[in-house]
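Tertiary structure, described
Spelled out, the chains give:
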Amino acid sequence: MSSAMAPVKPSGTAGPKEVELILVKEQNGVQFTSSALVSPSGQTHPSGEERETWGKKIDFLLSVIGFAVDLANVWRFPYLCYKNGGGAFLVPYLFFMVIAGMPLFYMELALGQYNREGAAGVWKICPIFKGVGFTVILISLYVGFYYNVIIAWALFYLFSSFSGELPWIHCNNTWNSPNCSDLNSTLLNDTYKTTPALEYFERGVLHLHESSGIDDLGLPRWQLTSCLAVVIVVLYFSLWKGVKTSGKVVWITATMPYVVLTVLLLRGITLPGAIDGIKAYLSVDFLRLCDAQVWIEAATQICFSLGVGFGVLIAFSSYNKFKLPVYILIVVSLNTECWVFVFCLSPGPGLVFIIYPEAIATLPGSSVWAVIFFIMLLTLGIDSAMGGMESVITGLTDEFKFLHKHRELFTLFIVVFTFLISLICVTNGGIYVFTLLDHFAAGTSILFGVLIEAIGISWFYGVDRFSDDIQEMIGQRPGLYWRLCWKFVSPCFLLFMVVVSFATFNPPKYGSYYFPAWATMLGWCLSISSMIMVPLYAFYKFCSLPGSFCDKLAYAITPETEHHLVERGEVRQFTLHHWLVV
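Criteria and cut-off values
- Residues numbered from 1 in each chain as written.
- Predicted model: local features only at pLDDT ≥ 70, side-chain atom pairs only at ≥ 80, totals over all residues.
- Heavy atoms only, no water.
- UniProt positions renumbered as here; feature names shortened; annotations may be inferred.
- Helix = DSSP H or I, 4+ residues; strand = E, 2+ residues; numbered from the N terminus.
- Buried < 20%, exposed > 50% of the residue type's maximum accessible area, 1.4 Å probe, protein only.
- Contact = heavy atoms within 4.5 Å.
- Areas by Shrake-Rupley, 256 points an atom, 1.4 Å probe, with all protein chains shown as cover.
- Phe/Tyr/Trp six-rings, centres within 6.5 Å; stacked < 30°, edge-to-face > 60°.
- Polar contact = N/O pair within 3.5 Å; in protein donor to acceptor, adjacent residues only side chain to side chain.
- Salt bridge = Lys/Arg side-chain N within 4 Å of Asp/Glu carboxyl O.
- Disulfide = S-S within 2.5 Å.
- Axes fitted to C-alpha atoms, helices over the stretch in contact; angles between N-to-C directions.
- Parallel < 35°, antiparallel > 145°, perpendicular 65-115°, else oblique.
- Expected span 1.5 Å × (residues − 1).
- Arc of directions from axis to C-beta.
- Core = buried A, V, L, I, M, F, W, Y, C linked by side-chain atoms within 4.5 Å.

If you look the chain up in an unreviewed UniProt entry, it shows as Transporter from Cyprinus carpio. In its Sequence similarities (unreviewed entry) section, the UniProt record describing the chain reads: "Belongs to the sodium:neurotransmitter symporter (SNF) (TC 2.A.22) family." Under the heading Subcellular location (unreviewed entry), UniProt records this for the chain: "Membrane".

Here it is in structure tokens:
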């Protein structure tokens, strides 16, 4: 007996169907067959429309890699590694990667692929938790307000690099102050002296000296505004047609950084003292492992390294074909921090736009190396920014169905809105707003969002049911390691991180500038505005459901496709087996 699938499209149907022809037997040269009309599993959007899918599997893989490997890999990880014991920092980092990072990464990919919805729509599996979907959408939107500014800075530096002499080499420029010294920063003994690279960034690019603080911002600088506008235009035309266009853009933006980093690495290891620098950078100080702060910073870095909690992995995987093996995609979580090779002593934008340019200026043919470096930064930033915006666009268009027909206009609205808010960050005092957003937009709130997400899936929806969904997609259930991490280890890890982030909170500052109390309160309001979506939506959902308290609760925690079971009193979550099974 054999079978074959023949596609047909009967009249009156919204999407493609398939006829399954089954050869029953063959007798006297005559074949007897039976047929059945079936729908290809997972290829149709819940609204009845056919859902767009990635053109090729590699488009999806490159998109995920491009989002996960971003600008933070260039400035955050090397700083943390050097600060926290060099190679010893890799011990807690890899430990948390195994027990929390990879399981959460796997969970988001599987959640999006099975339900084929954005960050909010996937919570039809447990309606009362839909608020966490809006939490991660807001977080991605807030991050876009300042992340695009980093790309604009990189573009400004790229344009400045097309010159015979880089503008951050000497102190004879119009923006330099009397404190500027051409000596290398490591040779400056006077604390009041500054380097040309520092003054170029703060005075030549940001014009920070024309602002006295966050309450004195000034107007947007036209040069940076123009660069920001170019970034926004590139993002729009990369996203306006959905994954069919963004999946092609990442072929350049996700692969270019590896080419450039390879070239820079080969050049770097040929410089005098390179081996000594690498040894100093990765020198193992195991005594640092006794410091709780090292473990806290390693745990926090995991969330940022893999990109969980932004809704991007859910959005990207929702465009996969239903049967794509999810477990193979875990390889993209092997983040490539090892490519980062420049010895560094300061974190944040200062590393990328001060220390790195200062180091590049010492190389022969420095202008060429500067162009290569800032092209790498652009490609690192663009695909990560695309991921964040796709999370917002997919999450909202899947939740509000009428937006599907107007995706191009809605995408235009999102990028223009982001551009207008970002203008605050390109004013004279814009770096203060940038720092405030960076401190509060995706700190505690993203840890909180992932915690609620893990609890909703592992405990209320159920690890056993989630494992059944994965088996339906790839033909086998996740192993015991994954299930234990999802139900116990990862939620405990995230709860610990949320508590620690509150307990160890430090007010933001930029250099020697400390933010006023009202600015810190404004930052907390921004952070809370995303987290509060969880209880607000839960309250709204609970009040909008019919029946008694128990009926409301049953409907709120039961998948929408099983509400008919609630009417018969069959609620899985009301049984002890549901809570104990792994």
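Picking up where we left off.
1. Observations regarding the overall build of the chain
Each helix and strand counted, the chain has 22 helices and five strands in total. Counting all 582 residues of the chain, 56% fall into the buried class. In the chain, the proportion of contacts linking residues at least 24 apart, taken out of those at least 6 apart, comes to 76%. Here the chain displays about 25000 Å² of accessible surface, and carbon together with sulfur accounts for 68% of that area.

2. Some words on the UniProt feature "binding site: Na(+)" (unreviewed entry) in the chain
UniProt tags Gly 66, Ala 68, Val 69, Asn 73, Ser 305, Asn 335, Leu 380, Asp 383 and Ser 384 as "binding site: Na(+)" (unreviewed entry). Relative to the helices and strands, Ala 68 resides in helix H1 (residues 57-68). For Ala 68, a relative accessible area of 1% puts it in the buried group. For Asn 73, a relative accessible area of 3% corresponds to the buried category.

3. Considerations on the packing of aromatic side chains
In total, this model carries 52 aromatic pairs according to the counting rule given. Centre to centre, the rings of Phe 129 and Phe 460 are 5.0 Å apart; their planes meet at 55°, and the pair counts as tilted. Pair noted here: Phe 129 is in the loop between helix H3 (90-115) and helix H4 (130-161) and Phe 460 is in helix H16 (residues 444-474), with a separation of 331 residues, a long-range link. You can call Phe 129 buried: its relative accessible area is 11%. Its relative accessible area of 23% is what places Phe 460 among the partly exposed residues.

4. Points about the side chain of Lys 130
With respect to the secondary-structure elements, Lys 130 resides in helix H4. Polar contacts involving the side chain of Lys 130 include one to the side chain of Glu 399, which spans 3.0 Å.

5. Structural notes on the pattern of salt bridges
Under the criterion given, the structure shown has 13 salt bridges. In this structure, Arg 477 and Asp 468 form a salt bridge, with 2.3 Å as the shortest nitrogen-oxygen distance. On the basis of relative accessible area, Asp 468 is assigned to the partly exposed category, the value being 37%. Residue Glu 562 pairs with Arg 572 through a salt bridge whose shortest N-O separation is 3.7 Å. Placement of Glu 562 in the loop between helix H20 (549-557) and helix H21 (563-567) and of Arg 572 in the loop between H21 and helix H22 (576-580) is noted, with a sequence separation of 10 residues between them. What you see here is one network of salt bridges that share partners, running through Arg 465, Asp 469, Glu 562 and Arg 572.

6. Considerations on the environment of Ser 63
The residue Ser 63 is located in helix H1 in this model. Taking relative accessible area as the criterion, Ser 63 reaches 2% and is therefore assigned buried. In contact with Ser 63, not counting residues within four places along its chain, are Trp 54, Gly 247, Val 250 and Phe 316.

7. A short note on the state of the cysteines
As enumerated under the stated definition, the model contains one disulfide in all. In this model Cys 171 forms its disulfide with Cys 180; the gap between the sulfur atoms is 1.9 Å. As the torsion about the S-S bond is roughly -70°, the Cys 171-Cys 180 disulfide counts as left-handed.

8. Quick notes on the packing of helix H6 (residues 222-239) against helix H7 (residues 243-253)
Look at H6 against H7: their axes get within 6 Å of each other, and the N-to-C directions meet at 120°. As summarised for this structure, H6 and H7 are arranged oblique, according to the angle between their axes. Facing Phe 237, Ser 238 and Leu 239 of H6, the residues of H7 in contact are Thr 245, Ser 246 and Val 249.

9. Some remarks on helix H18 (residues 517-531)
Here H18 contains 15 residues, and its C-alpha end-to-end distance of 21 Å stays within 8% of the 21 Å for a straight helix at 1.5 Å per residue. Among the residues of H18, those classed as buried are Ala 519, Thr 520, Gly 523, Trp 524, Leu 526, Ser 527, Ser 530 and Met 531. Angularly, the buried residues of H18 cover 150° about the axis, an arc narrow enough to put them on a single face. The exposed set on the far side of H18, more than 90 degrees from its buried face, consists of Ala 517 and Met 521. Buried-residue contacts for H18 involve H4, helix H15 (430-440), H16, helix H17 (480-503) and helix H19 (533-544).

10. What about the side chain of Thr 435?
You can see Thr 435 is positioned in helix H15. By relative accessible area, which is 14% here, Thr 435 ends up buried. Beyond its immediate stretch of four places on either side in the chain, Thr 435 contacts Lys 509, Tyr 510 and Phe 515.

11. Some remarks on H20
Burial in H20 covers these residues: Lys 552, Ala 554, Tyr 555, Ala 556 and Ile 557. On its buried face, H20 is in contact with H16, H19 and H21.

12. Observations regarding unusual backbone geometry
In this model, Arg 116 sits at a positive phi of 50°, which is unusual for a non-glycine residue. Tracing the chain through its elements places Arg 116 in the loop between H3 and H4. Classification of Arg 116 by relative accessible area gives buried; the value is 2%. With a phi angle near 60°, His 207 is a residue other than glycine that sits in the positive phi range.

13. Let's talk about the nonpolar core
Judged by nonpolar contacts, the single largest core of 174 residues is most densely connected at Trp 153, Phe 353, Phe 374, Leu 377 and Phe 466. Broken down by element, the residue count for this core peaks at 21 residues, all from H4. Excluding anything up to four places from it in sequence, Phe 353 contacts Ile 150, Trp 153, Ala 154, Tyr 157, Ala 197, Phe 201, Phe 374 and Leu 377.

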